[in-house]
Amino acid sequence: MGHPYIPNVREIREQMLREIGATSIDELFADIPGKIRLKRKLKLPDAMSELEVRRHVQAMLAKNGPFTQMPSFLGGGVWPHHIPAHVRELVRRSEFLTSYTPYQPEVSQGMLQALFEYQSMICELTGMDVANASVYDWATSLGEAALMCARVTGRRKFIVPALINPERFSTLQNYTSGPGFELTKIGYDRRAGQLDLSQLRKELGGDVAGVYVENPSYLGFLETQVDEVAKAAHEAGTLFVVGVNPISLGLLKAPGDYGADIVIGEGQPLGNPVSFGGPLLGIFACRDDTRLVRQMPGRLIGMTTALDSRTRGYVMVLQTREQHIRRERATSSICSNEALCAVTAAIYLASLGPRGLRELGEACAANANYAMRKLKAIKGLKVPIFDAPHFNEFTLNCDGIGISVAKLNAELLKRGIQGGKPLRGEFPELGETSLMCVTEYHTKDDIDRLIDALVEIVR
Amino acid sequence: MQEGLYYSLEHEWVKIEGKLARVGVTDYAQRKLGDVVYIELPEVRKQVKQVAAPKGKEMEMGAVESIKAVSVVYSPLSGEVREVNRELQDRPELVNTSPYSDGWICVLQPSALDVELKNLMDARAYAEYLKKLG
Amino acid sequence: MTNYRQAKWVSDSLLEPLIFELGKPGRAGYTLPPKLHEQLKISKNLLREKLELPELSEVEVVRHYTRLSQMNYGVDSGIYPLGSCTMKYNPKVCEELASLEEAACVHPYQAEDSVQGALELMYRLERCLAEIAGVDRVCLHPSAGAHGEFVAMLLTRAYHKFKGDGGRAQVIVPDSAHGTNPASAAMAGYEVVTVPSDARGRVDLKALEAAASEWTAALMLTNPNTLGLFEDRILKIAEIIHGVGGLLFYDGANLNGVLGKARPGDMGFDIVHFNLHKTFSTPHGGGGPGAGPVGVKREIEKFLPVPVVEFDEKRKRYYLDYDRPHSIGKVKAFYGNFGVLVKAYAYILLMGAEGLAEVSEAAVLNANYIMRKLSGTKGYELKFDSSGLCKHEVVFSVEPLKRETGIGAKDIAKRLLDYGMHAPTYYFPPIVPEALMIEPTESEPKEELDRLVEALRAIADEARKSPDKLRSAPTATAIGRLDEVKASREPILSWRMYRKA
């Protein structure tokens, strides 16, 4: 019996062999030297039927405890949001799903236009003029941004906040290890978390390619001095890079409105599932400045017209930046990206619109605020540890009750709740602190359950 | 091609204008490239070296791009870039339509003209060279 | 004229309007649960004043994107012989499994006891990939092939630095290599040295010997190479590179040609990368997401990015190991494109050991079939090894046809679209003039292959009789050729820029 994914069954293969004058399939592999020919079967399980595979994988995954079944207050780079059913349905359409990079624009207008719409909506959200069709995630987007700043300014120093997400910082180190960068961390005000502007000004000189700020920060608070950071950076001829969670931009000011030259971020919360941390969606956008646009990494979709009519259409543009033309001089090696996640984001943004995004942002902030208020009231907990406005993530410190975050989370888990991410490994100076996330996904009951559990544990 | 100009193996032309030298790419180069969409102009005051084998970064003087290829512009003479044709930023197609006049790329102040001119071809030699390329 | 017509939506001088041109104020395509009444302590100057996004009902959103999808071509539409991309059929059960709540709704920072299923899947996938490639450990983090290549370059550098050999500054790449190879090496700070191919289309061994030195950090190679030819002297190549102390990196893009027949680890490769969206049938998604895991031999294991999924024999549980002092750190957030990993794992189980070998047999047979059937046709020629075998893809040059009629690879590719087929890759690899790179994959039935060959023959005839028809192709698709020159001269990259223009 033939395999469902291999239509040329044995009889047909034999016929094909005859037609090309070969006697056996083995003959077609005669170019592989005997010494390296694999003469045994691969040590893998035998083929399973679709029903068996489904059962096997389902049983394996059943050992997971999804946050649909128990409340989780985890964020820190991927965040749970409701994904409208139609968003999922549309990107499952096989014309999108099973296509590849639109190298033949004549038959790929669907994907090209959808990506142009994604680029456009990201521009509206971030206040930039140009956005690419995606990079892998926020962390690699930061790496690409630093490299771009170096190409544009000819400088090799890059400044980041001390409270930068450590996974992003490590990725940045790897991305900048090739050309030999100097990475500098700027400290923060212990009370409000805000960037130390005087230290920043001291570090800014003729050798800094870019200054990077996360807003909201990794620990959830807003950077209120971003206008000053922009000003200081620009006075030094440095580019200003801002990293964002785009969900916050329904409510918060666009980085383009406070001086950002490049905006990066994580597009996963725009309609993509959390999915154990991948696939994600790296946002990359910049101002319409030839110096910048020509140095952007990634695919860019542009609008044009058909040659023989005036019909509007879309094509990949400025491909001379990319690896398939420039090879070792390309702006980046990126080829396959996160296109389908980008189209998902476009459909999600189109569905929410300006009002939906604003209400969503307000709902996330309101839920987080409610949680913070109630948690703050528990004796011994300090919530948040920074005296600054927050969006939907915040810190929770339990030094005052004498147990570690690890112990706290273990107790919460016993009560069927996933606590926040422990931060002691990343920022030991913050003591027993965890990072909590609340979105519109959490109900009042979920939050009350967390409060009740903590009250009990603390006692 | 045109008389009175000198040519490099990389298909750049040079026109001596008193103490200065105007540089562009030849008709052959623009035809090979196809529709030019962008020119990366060198910076004024950039020091360049006359192109020779093996080619190095110090001999590069910008690039000319079509949608499918990038062609590095190599300097036919050593010297300093004095002027660049900013018009090309808005109208890159000038390289295609008038490669020897309005499509000029930059003006150099040559540092070793007498010595280096010998390394370039005159119109006849360039015509021969093109014939060989087929 | 062909009978094929691609679906299209037309109105005035456009196909489908832009989403910004649709909708009406007040429309909404979402609903939210009731909000808690909280006083937000965010000062007005931090809030945005307006956001210019379209306002559409769910109905309009669905119609708009449905229409767009109808003007797009995928593997599910028809043959997609894009060389080096392995556009094979994507099993739908894999989609279902990746969408399960237990896969889609787990957070990477959850307590390890609550994600044992995910960790087990990743561990088992790693074991499968290690066996398939003949390597010891596999890192599942990279999001794409190029990302995997970049990680491989970082591992190479870490390895040499550890051995006190950090001065090695060069990476060798064949002139037929895919652009991501030199680009990834350059991103990692290496100087790229290119070696030519010989008359048989394989790496020129003499040139390789001359290029290999104590400065060589690695050689990046695909096998079969981008011409679809097996580098049969790979053992000698390995000897040359290892002889100067360099590492051998395998670009897994063409693994479909040797799956189950030969393993890169056995050929002498030290680092092997995979394209799960190619060989392991996860969908290409219009450009991504994919996954580019990187496999390594034992001595490079210590440098792998953190965390690595390990199994604790004593406590019988999986865990994320961060205690790796020589690790290069993170190359992206979290642990990899889990949603893609689920699909690849399911695919491996669906095919099984024998099925995977059958994949390469059928893929190689399909490519050789096309090679034999087309090589008699005037206008198409094989530049390298014309009497030999190819593996899973074949590269033809249409230079003879170009000389005869002025019609080149691009025009042929565009005309093929009028036959309802996706064009092969063209103008790649750069060492073949007027190249057409055809990779049918094992998913194509014989009838489709015959149709493709017939179409290419018919197009060659058309080139002789009415070349203008080809220059104006395609005409049966949603739109004809586009003004790519204008698009790059005056880029309009967003709705914002469009309004300003």
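All of these numbers come straight from a predicted model, not from anything done at the bench.

Focus on the overall build of chain C
- Each helix and strand counted, chain C has 16 helices and 12 strands in total.
- Within chain C, buried positions represent 60% of all 501 residues.
- For chain C, contacts bridging at least 24 residues in sequence account for 73% of all contacts bridging at least 6.

Here's the deal with the overall build of chain A
- Along the backbone of chain A there are 14 helices and 12 strands.
- Across the 459 residues that make up chain A, the buried fraction comes to 62%.
- Relative to all contacts within chain A whose residues are 6 or more apart in sequence, the contacts with residues 24 or more apart total 71%.

Quick word on helix α6 (residues 138–153) of chain A
- Between its terminal C-alpha atoms α6(A) stretches 22 Å, which fits the 22 Å expected from 16 residues at 1.5 Å a residue.
- Looking at the residues trailing α6(A), positive phi occurs at G154(A), about 75 degrees.

Considering unusual backbone geometry
- In the segment running from N215(A) into P216(A), the intervening peptide bond is cis, with an omega of 0 degrees.
- As for its position among the elements, P216(A) is in the loop between β4 (208–214) and α9 (226–235).
- In this structure, the amide linkage connecting G278(A) to the following residue, P279(A), adopts the cis form with an omega of 5 degrees.
- The backbone of R45(B) shows a phi angle near 80 degrees, a positive value even though the residue is not glycine.
- When you line up the elements, R45(B) lands in the loop between β4 (38–40) and β5 (47–48).
- Judged by local crowding, R45(B) falls into the exposed class, with 9 C-beta atoms found within 10 Å.
- With a phi close to 70 degrees, T441(C) is a non-glycine residue in the positive phi region.
- Along the chain, T441(C) turns up in the loop between β12 (435–438) and α13 (446–465).
- Residue classification places T441(C) among the buried residues on the basis of 28 C-beta atoms within 10 Å.

Digging into the domain arrangement of chain C
Residues and elements named next belong to chain C.
- Segmentation of chain C into domains returns domain 1 (93–349) and domain 2 (358–486).
- Spacing between the C-alpha centres of domain 1 and domain 2 amounts to 31 Å.
- Listed by partner, the interface residues are 18 residues for domain 1 and 17 residues for domain 2.
- Residues of the side of domain 1 that touches domain 2, tallied by class, amount to 6 nonpolar, 9 polar and 3 charged.

Points about the interface of chain C and chain A
- Counting from both sides, the interface comprises 174 residues of chain C and, opposite them, 171 residues of chain A.
- Here the element with the most residues in the side of chain C that touches chain A is helix α10 (residues 338–374) of chain C; it accounts for 22 residues.
- Classifying every residue of the side of chain C that touches chain A by side-chain character gives 96 nonpolar, 46 polar and 32 charged.

Observations regarding the sheet that holds strand β2 (residues 157–161) of chain A
- The mixed open sheet is built from 7 strands, whose spatial order is β1-β7-β6-β5-β4-β2-β3 (chain A). Each end of this open sheet is capped by a strand with a single partner; those strands are β1 (130–131) and β3 (182–186) of chain A.

Focus: the domain arrangement of chain A
Residues and elements named next belong to chain A.
- Under the domain assignment, chain A is made up of domain 1 (10–61), domain 2 (86–348) and domain 3 (355–458).
- Between domain 2 and domain 3, the residue contacts involve 16 residues of the former and 19 residues of the latter.
- By residue class, the composition of the side of domain 2 that touches domain 3 is 9 nonpolar, 6 polar and 1 charged.

Section: the packing of helix α12 (residues 409–417) of chain C against α13(C)
Residue and element names in this part refer to chain C.
- Put simply, α12 and α13 touch, their axes get as near as 10 Å, and they point 120 degrees apart. By the angle class used here, α12 and α13 are oblique. As for the relative orientation of α12 and α13, their crossing is right-handed in sense. Between α12 and α13, the contacting residues are I412, R415 and L416 on the first element and A455, I459 and E462 on the second.

Section: the sheet that holds strand β3 (residues 20–25) of chain B
- The sheet built from 6 strands is open, its strands ordered β1-β2-β3-β9-β8-β5 (chain B) with antiparallel pairing. Strand pairing shows two members of the sheet lacking a second neighbour, β1 (6–7) and β5 of chain B, which therefore form its edges.

Thoughts on the confidence of the model for chain C
- When the pLDDT values of chain C are averaged, the result is 96; 100% of them are 70 or greater.
- Interface confidence for the predicted complex, expressed as ipTM, amounts to 0.97; the pTM equals 0.96.

Some words on the packing of helix α2 (residues 50–61) of chain A against α10(C)
- Where α2(A) contacts α10(C), the two axes come as close as 9 Å, and the packing angle between them is 140 degrees. Classified by the angle their axes make, α2(A) and α10(C) are oblique. As α2(A) packs across α10(C), the resulting crossing turns out to be right-handed. Taking contact as the criterion, the partners of E50(A), V53(A), H56(A) and V57(A) in α2(A) are, on α10(C), A346(C), L349(C) and L350(C).
- Within the contact of α2(A) with α10(C), the residues separate by chemical class into 5 nonpolar, 1 polar and 1 charged.

Concerning the environment of L255(C)
All names here are of chain C.
- Relative to the helices and strands, L255 is located in the loop between β5 (247–251) and α9 (264–267).
- Distance in space between the C-alpha atoms of L255 and G286 is 21 Å, their sequence separation being 31 residues.
- With residues near it in sequence (within four places) discarded, L255 still touches F274 and T279.

So, the pairing of strand β6 (residues 60–65) of chain B
- Alignment of β4(B) against β6(B), held across 3 bridges, turns out to be antiparallel. Paired with Y38(B) across the bridge in β6(B) is E65(B).

Description of the nonpolar core
- Ranked by size, the top nonpolar core spans 327 residues in total, and within it L115(A), V343(A), L155(C), F249(C), I271(C) and L341(C) carry the most contacts.
- Among the elements that line this core, the one with the most residues is α10(C), at 24 residues.
- Contacts of I271(C), omitting those with residues within four sequence positions, involve A152(C), L155(C), T156(C), L247(C), F249(C), Y250(C), V294(C), V296(C) and I300(C).

Observations concerning α10(C)
- Here α10(C) contains 37 residues, and its C-alpha end-to-end distance of 41 Å is more than 12% below the 54 Å for a straight helix at 1.5 Å per residue.
- The buried fraction of α10(C) amounts to 32 of the 37 residues, a majority that puts the element mostly inside the structure.

Things to note about the environment of A285(A)
Residues and elements named next belong to chain A.
- Among the structural elements, A285 can be located in strand β7 (residues 282–286).
- C-alpha separation for the pair A285 and V229, spaced 56 residues apart in sequence, amounts to 19 Å.
- When residues no more than four places from it in sequence are discounted, the contact partners of A285 are I122, C123, T126, M128, V130, A131 and V263.

A closer look at the environment of L470(C)
Residues and elements named next belong to chain C.
- Looking at the secondary structure, you find L470 in helix α14 (residues 467–471).
- Taking the number of C-beta atoms within 10 Å as the measure of exposure, L470 has 22 and is therefore buried.
- Residues contacting L470, with those up to four places away along its chain left out, are I407, D411, R415, I459, E462 and A463.

Rules behind the numbers
Residues numbered from 1 in each chain as written. Chains lettered and ligands numbered in written order. Predicted model: local features only at pLDDT ≥ 70, side-chain atom pairs only at ≥ 80, totals over all residues. Helix = DSSP H or I, 4+ residues; strand = E, 2+ residues; numbered from the N terminus. Buried ≥ 20, exposed ≤ 12 C-beta atoms within 10 Å, placed from the backbone. Contact = placed C-beta atoms within 7 Å. Expected span 1.5 Å × (residues − 1). Domains from an automatic or database assignment. Nonpolar A, V, L, I, M, F, W, Y, C, P; charged D, E, K, R; others polar. Pairing = 2+ DSSP bridges. Axes fitted to C-alpha atoms, helices over the stretch in contact; angles between N-to-C directions. Parallel < 35°, antiparallel > 145°, perpendicular 65-115°, else oblique. Left-handed = near helix turned anticlockwise from the far one by under 90°. pLDDT = per-residue confidence, 0-100. Core = buried A, V, L, I, M, F, W, Y, C linked by C-beta atoms within 7 Å.

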